[in-house]
Amino acid sequence: MATTKQGNQGFLLLEMLVALAVVAVMGALMSSFLGQLGSVNRLENEIAAQTELDAAAAYLQRTLSGARPVKLLDAEPDTDPFIDGEETSVRFATVTRRGLYSLALRDVHIFSAGAGNQRSLEHTMGPRRLLNGNPVPHGRSIPILDSIESISFEYSDGSEWSGDWGRNGELPKAIRIRISKRMGNKQLSTESIAEIY
C-alpha cells in the first residue's frame, strides 16, 4: 500500500481566498486615499486661485483710492474729466513713488484684455507729458492677473452705482471692483470697494 507524503506542495483554496480578500481591502483603501488626495489637491488649487483674486482686488483698491482730481491729458477741449471709467476699463491720474525719495504724477490705465478663457487684467502707467501736443505713449502693458472670466468696475456718486463715469471736474466717491475666475466646475469671485477721498 502506497502512502502519500503531506507537505508544502501548494496553496489551499482557503489561503488563496484570504490573500485575495487582503488584496481587495488594500485596493479599496488605496482608491479611497487617492480620491481624498485628489480632493485635497483641488482644494489647494482653489485656495491659491482665490488668494490670487483677493490680492489683485486689494491692489486695485489701493491704486484706485489714490486717484487725483487732475484732468486727463487726452481730454477733449472744453471738458475736464478726472476719470474715464467704463465697465471693463478705467483711466485716471495718481501719485506713485519714483525711486526712494521722490513721487511723480502718472497716468494709469487698468483694463481687461483678450477674450474667452484667455482674458487677463492688465495695466499701463506712464508719465504725464505731452509730445507735439499729444500724450506720451505709456509703453507696454503689465499683467495683473491672467485667466480671468470677467472684471467689472462700477462708479458711485454717493447715492447710486453706474457702469461708467466721465463727469467733468468730479471724481466718483467710490469704485466697486468685481473679478471672477473659473476653476473647473467652480466659480471663484471677489469684490472690493475703493473709496476715493
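Residues numbered from 1 in each chain as written. Predicted model: local features only at pLDDT ≥ 70, side-chain atom pairs only at ≥ 80, totals over all residues. Heavy atoms only, no water.

1. A word on the pattern of salt bridges
At step 1: What the rule picks out here adds up to 11 salt bridges.
At step 2: Arg-91 is paired through a salt bridge with Asp-74; the nearest N and O atoms lie 3.1 Å apart. Of this pair, Arg-91 sits in strand S2 (residues 89-98) while Asp-74 sits in the loop between helix H1 (13-65) and strand S1 (83-85); the two residues are 17 residues apart in sequence, bridging distant segments of the chain.
At step 3: Each of the salt bridges in this network shares a partner with another, and the network as a whole consists of Glu-154, Arg-176, Arg-178 and Glu-191. (Salt bridge = Lys/Arg side-chain N within 4 Å of Asp/Glu carboxyl O. Helix = DSSP H or I, 4+ residues; strand = E, 2+ residues; numbered from the N terminus.)

2. Some words on the packing of aromatic side chains
At step 1: Under the counting rule described, the total for this entry stands at 0 aromatic pairs.
At step 2: The lysine or arginine in question, Arg-176, covers the ring of Trp-161, its NZ or CZ lying 4.1 Å from the ring centre. (Phe/Tyr/Trp six-rings, centres within 6.5 Å; stacked < 30°, edge-to-face > 60°. Lys NZ or Arg CZ within 6 Å of the ring centre and 35° of its normal.)

3. Structural notes on the environment of Val-108
At step 1: Mapped onto the secondary structure, Val-108 falls in strand S3 (residues 102-113).
At step 2: Expressed as a C-alpha distance, the spacing of Val-108 and Leu-72, which sit 36 residues apart in the sequence, is 10 Å.

4. A closer look at the nonpolar core
At step 1: By size, the foremost hydrophobic cluster in this structure holds 27 residues, and its most contacted members are Leu-64, Ile-83, Ile-110, Phe-153 and Ile-179.
At step 2: Every element with two or more residues in this core is listed here: H1, S2, S3, strand S8 (150-156), strand S10 (174-183) and strand S11 (186-195).
At step 3: At 6 residues, the largest contribution of residues to this core is made by H1.
At step 4: Every residue in contact with Ile-110, bar those within four places of it in the chain, is listed here: Leu-60, Thr-63, Leu-64, Thr-88, Ser-89, Val-90, Phe-92, Leu-121, Glu-122, His-123, Ile-144 and Phe-153. (Core = buried A, V, L, I, M, F, W, Y, C linked by side-chain atoms within 4.5 Å. Buried < 20%, exposed > 50% of the residue type's maximum accessible area, 1.4 Å probe, protein only. Contact = heavy atoms within 4.5 Å.)

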